[in-house]
Every structure is written in C-alpha cells, then in structure tokens.
Amino acid sequence: MSTSLSPADLARYSRHLALREIGVEGQQKLKAAKVLLVGAGGLGSPAALYLAASGVGTIGVIDNDRVDVSNLQRQVLYDTQSVGRSKAEAAKERLLALNPEIELVSHAVELRAANVREIFTRYDVILDGTDRFNTRYLSNDACVILRKTLVSAAIHRFEGQAMTYVPGQAPCYRCLFPEPPADGLVPNCAEAGVLGVLPGVMGTIQATEAIKVIVGVGEPLLGRLLTYDALAMRFGEFRFTRRSDCAVCGDHPTIHAPADLAEVCSADVMAQVRRLSPAELRELLGQVAIVDVRSPSEFGVSHLPRAVNIPVSDVQRRFDEIPRDQPVVFICRSGARSMTASAIATRAGLTEVAHLEGGLLGWAKDLDESFVVAPVG
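Heads up: these notes are all about the structure in this document. Quick caveat: nothing in here was measured; it's all calculated off a predicted structure. (Residues numbered from 1 in each chain as written. Predicted model: local features only at pLDDT ≥ 70, side-chain atom pairs only at ≥ 80, totals over all residues. Heavy atoms only, no water.)

1. Focus: the overall build of the protein
A count of helical and extended segments in the protein gives 15 helices and 13 strands. Taken against the 2.2 N^0.38 rule, which gives 21 Å for 377 residues, the C-alpha radius of gyration of the protein at 23 Å falls within 12% of a compact globule. On the principal axes, the C-alpha backbone points of the protein span a range of 75 × 40 × 40 Å. For the protein, the residues scored as buried account for 53% of the 377 residues in total. Considering only residue pairs separated by 6 or more positions, the protein has 67% of its internal contacts joining residues 24 or more positions apart. (Helix = DSSP H or I, 4+ residues; strand = E, 2+ residues; numbered from the N terminus. Rg over C-alpha atoms; globule rule 2.2 N^0.38 Å. Buried < 20%, exposed > 50% of the residue type's maximum accessible area, 1.4 Å probe, protein only. Contact = heavy atoms within 4.5 Å.)

2. Observations concerning the sheet that holds strand 12 (residues 328-331)
Spatial ordering of the open sheet is given by 9-13-12-10-11, a layout of five strands whose pairing is parallel. Of all the strands in the sheet, just strand 9 (274-276) and strand 11 (308-309) have a single pairing partner and so form its edges. Examined bridge by bridge, strand 12 and strand 13 (residues 353-356) share three bridges and lie parallel to one another. Across the sheet, the residue bridging to Phe330 is His355, located in strand 13. Taken strand by strand, helix 14 (residues 336-347) contacts strand 9, strand 12 and strand 13, and its axis lies near 175° from that of strand 13. (Pairing = 2+ DSSP bridges. Axes fitted to C-alpha atoms, helices over the stretch in contact; angles between N-to-C directions.)

3. Considerations on the packing of helix 3 (residues 23-32) against helix 10 (residues 198-215)
The interhelical angle for the contact between helix 3 and helix 10, taken along N-to-C directions, is 110°, at an axis separation of 9 Å. As far as their axial angle goes, helix 10 and helix 3 are roughly perpendicular. You can see that helix 3 and helix 10 cross each other, and the crossing is right-handed. On helix 10, the residues that touch Gly26, Lys29 and Leu30 of helix 3 are Ile211, Ile214 and Val215. Split by residue class, the contact of helix 3 with helix 10 holds four nonpolar, one polar and one charged. (Parallel < 35°, antiparallel > 145°, perpendicular 65-115°, else oblique. Left-handed = near helix turned anticlockwise from the far one by under 90°. Nonpolar A, V, L, I, M, F, W, Y, C, P; charged D, E, K, R; others polar.)

4. A word on the sheet that holds strand 2 (residues 58-62)
Spatial ordering of the open sheet is given by 3-2-1-4-5-6-7-8, a layout of eight strands whose pairing is mixed. Two strands in the sheet have a free side with no partner beyond their single neighbour: strand 3 (103-107) and strand 8 (234-239). Across the sheet, the mean angle separating the axes of adjacent strands is 15° when strand polarity is ignored. Sheet topology places strand 2 next to strand 3; five bridges connect them, and they run parallel. For Gly60, the partnering residue across the bridge sits in strand 3 and is Val105. Here helix 5 (residues 87-98) sits on the sheet and contacts strand 2 and strand 3; the angle it forms with strand 3, its principal contact strand, is near 170°.

5. Observations regarding the packing of aromatic side chains
A complete count under the given rule lists three aromatic pairs for this structure. Members of the aromatic cluster, connected to one another through ring pairs, are Tyr137, Tyr173 and Phe177. When the ring centre of Phe133 is taken as origin, the NZ or CZ atom of Arg136, which lies over that ring, is 5.0 Å away. The ring of Phe319 has Arg324 sitting right over it, with the charged end atom 4.5 Å from the ring centre. (Phe/Tyr/Trp six-rings, centres within 6.5 Å; stacked < 30°, edge-to-face > 60°. Lys NZ or Arg CZ within 6 Å of the ring centre and 35° of its normal.)

6. Topic: the pattern of salt bridges
One pass over the full model with this rule turns up 23 salt bridges. A salt bridge links Asp260 to Arg112; the shortest N-O distance between them is 3.5 Å. Separated by 148 residues along the polypeptide, Asp260 in the loop between strand 8 and helix 11 (267-270) and Arg112 in the loop between strand 3 and helix 6 (113-120) bring together distant segments of the chain. Arg294 is paired through a salt bridge with Asp292; the nearest N and O atoms lie 2.8 Å apart. Residues Arg294 and Asp292 agree in their burial class; the two are buried. One connected set of salt bridges, linked through shared partners, spans Glu110, Arg112, Arg132 and Asp260. (Salt bridge = Lys/Arg side-chain N within 4 Å of Asp/Glu carboxyl O.)

7. With respect to empty space enclosed by the protein
As enumerated under the stated definition, the model contains two cavities of 30 Å³ or more in all. Roughly 40 Å³ of volume is contained in the largest cavity. By residue class, the composition of the lining of the largest cavity is three nonpolar, one polar and three charged. A volume near 30 Å³ is recorded for the second largest cavity. (1 Å grid on protein atoms, 1.4 Å probe; cavity = no way out; pocket = protein on both sides within 12 Å on 5 of 7 lines; lining within 4 Å. Points joined across faces, edges and corners; volume = space filled by probe spheres on them.)

8. Considering unusual backbone geometry
Phi at Met233 is positive, roughly 50°, even though this residue is not glycine. Here Met233 lies in the loop between strand 7 (224-229) and strand 8. Phi is positive for Arg306, close to 70°, though the residue is something other than glycine. When you line up the elements, Arg306 lands in the loop between helix 13 (296-301) and strand 11.

9. Quick notes on helix 5
Relative to the 16 Å expected for 12 residues at 1.5 Å per residue, helix 5 spans 16 Å between its end C-alpha atoms, a close match to the ideal helical length. All of the buried residues along helix 5 are Lys87, Ala88, Ala90, Ala91 and Leu95. Here the buried residues of helix 5 occupy an arc of 160° about the axis, which is enough to place them on one side. Looking at the buried side of helix 5, the elements it contacts are helix 4 (44-54), strand 2 and strand 3. The N-terminus of helix 5 is capped by Ser86, whose side-chain oxygen sits 3.4 Å from the backbone nitrogen of Ala88. (Expected span 1.5 Å × (residues − 1). Arc of directions from axis to C-beta. Polar contact = N/O pair within 3.5 Å; in protein donor to acceptor, adjacent residues only side chain to side chain.)

10. Brief notes about the nonpolar core
Of all hydrophobic cores here, the largest spans 30 residues; its most connected members are Leu51, Val56, Ile59, Leu95 and Leu127. Residues contacting Leu127, with those up to four places away along its chain left out, are Val35, Leu36, Leu37, Val38, Ala47, Leu51, Val151, Gln206, Ala207 and Ala210. Counting 29 residues, the second-largest nonpolar core is a separate cluster that includes Val38, Tyr123, Tyr165 and Ile255. (Core = buried A, V, L, I, M, F, W, Y, C linked by side-chain atoms within 4.5 Å.)

Quick look at the structure:
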C-alpha cells in the first residue's frame, strides 16, 4: 500500500491535516501503520472504529467468538443483524464500510502461544482488550520478546484501567502485575456485569494511545496506569517503574518465549488450600511458616515477623527454600499472588498449605492500622 496521500485521503482526513502535530507527515505514518486488536469486544469495538476512521492503513482483528445478543449493550461494532456471526468477520465488514481505503485482516482464532509469534510479527502496535488473563499475559510477554508496542486496557463493573508499553522505554504489564490472580478470584464481565459505556471510554483511550505512538506526539501512558471510575467520574494515575526481577523484561528474565499460562489454580488444587482470615493467622503465629511472595522492595517496607521472602515468580524455582517443618502460609499484598503461590506449591507436592485472604491489606485493616503496606513494586 502506498503511503502517499491521495486526493480522497486529503478530503477524508482534512481535520487531521489541520492539526500541526499530525499534518501530512503524521497522516502518512498512520496510513503506513499496522495495528492488531486482540479481542473485538467491548474495548476492541470503539478502538477499531476510531483507528479505522483515523486512517490506520492495516488493521487486524483477532477474535474466535461469535456475536451474542448480550454483546450489543456495549460492543458497538455490531448490530442485531450480526448476532450469530463471527466477530472477526463482522468487524471486518463494518470497518470496511466505515473506511474502504484501509486494509482489514480477520483472524478468527484463539490467541495461543502456538500462533502468537506468527500473528504479532505482522503488526507494529498491539491493542489488548480481552478479559482472559492467559491472553493478557501472553500478549504482554510476546510484545516484550518481539519488541512490539502494546496498549493494554481492562474493565470491571464501573471501573477501567489502561497503560502503554513501548520496548526499551517503559515497564511492561508484568512489572505492575507480576502474576495473574487465581482462577475465580476476579469475575469476568458476564459474572460481575459492566456499564455499557465504560468500554467506550477505555477503548477510545486505547485508540488515542496507539495514534500518539504511531505519529510520535504527546506523552503516552508509559510507566503510568490510568484508572477511571465512572460512578465518581474521576480519572486517577498510578506511576510504576520497571522491575529488575520482572520475569520477562527484567535483568535476568525467566520467560524467553511466549507461553500459555499454566493452569495452576484449578478448582481441585485450590480445594486443598486453606484460606485464613487475618484473625485466624494471628492465632497461628509461631505455629506456621510464613512465606511472603511479594517483591523484595515491598517486603523491605514492612513484613510479618519471621516471614521468608520468596517472590511469587520464584516459587517454583526456589521451592526447596520453602520450610517443611511447619504448615506453610503464603501471604502477599491483597491475596492474589499468595493464592497463585499456594496452588504452585500444592501442585509441586507441598501439603498443609494455606494463604491469607485479603492479604496484608486485610491484616492492616482488621488488626493493625499502623502496619504500612507498600504499593506493588
């Protein structure tokens, strides 16, 4: 595809051309860009529409789902006539109707480690808007390894968040969330519900970030997690830095190739893990071994007496360091990483395993308000 602007382009994108920050050169960059949307649902819908309208030359859509009537409350790429159709194909048709001058590629497959490299290498920028943790972490890891820009967003009920990763310029998603929460800990949209307009806000932010990175203007969300509370109509920002011990972008990475998440937190495994309240753990102090699975920097701010620090990303590798002479209780900031560590240890053969529900945040809230819990870092 030629990146020079045709007379039709000049007419269609005249409002972009009037912006000094974009102009002809910026529009040519958009025309030359190749963007992949991982997921054509609530977030992918507005992002795709605005990227197509903005003149991104090649847009790929990966989604192996079909349109359901319940999607129409928020997935604005589709209409009632789309119900039952492949999302990838319906999205392609809708986006070409909006802008027939761009190239659309539909990938009606599930993103897995087996195909992520082949698909991602075709694109410059990846937008992840899925609600599956396997896909979210797989997209992040693949972008770090393949040196691709990633714009990630997530939604839950009335709240959303977004961040951008650019190779060599920013921390990745794992720097902020080293491990996924255990299965069932975070309900999906079908279980928890979602305000219909919420993904419209966050998906548009994703499209904005992609355009800024492509054109080279503004300040992307690098090392910044943007949060949005629709009920309070309030945006917030959480700054974070690259983790030297990050499993994929750290100084000594342990992830060297994209891989699907191990299903360590299945129901049969978690049924073997005892869940302790802060009060119950306090009664057991001195009778159990406490393994704090937060990062060393978090552990250094504050920790429970006699706790041993083994970050969750190291649990499998440092399994022999876990005490065996007492029952083991895994703890972390909020309970997500400790549940994952409990499942890993249980699968590895450790018995008498427990984790602190609500984590040290719960400990501080219920038992000791003076206990300072460090932010994730």
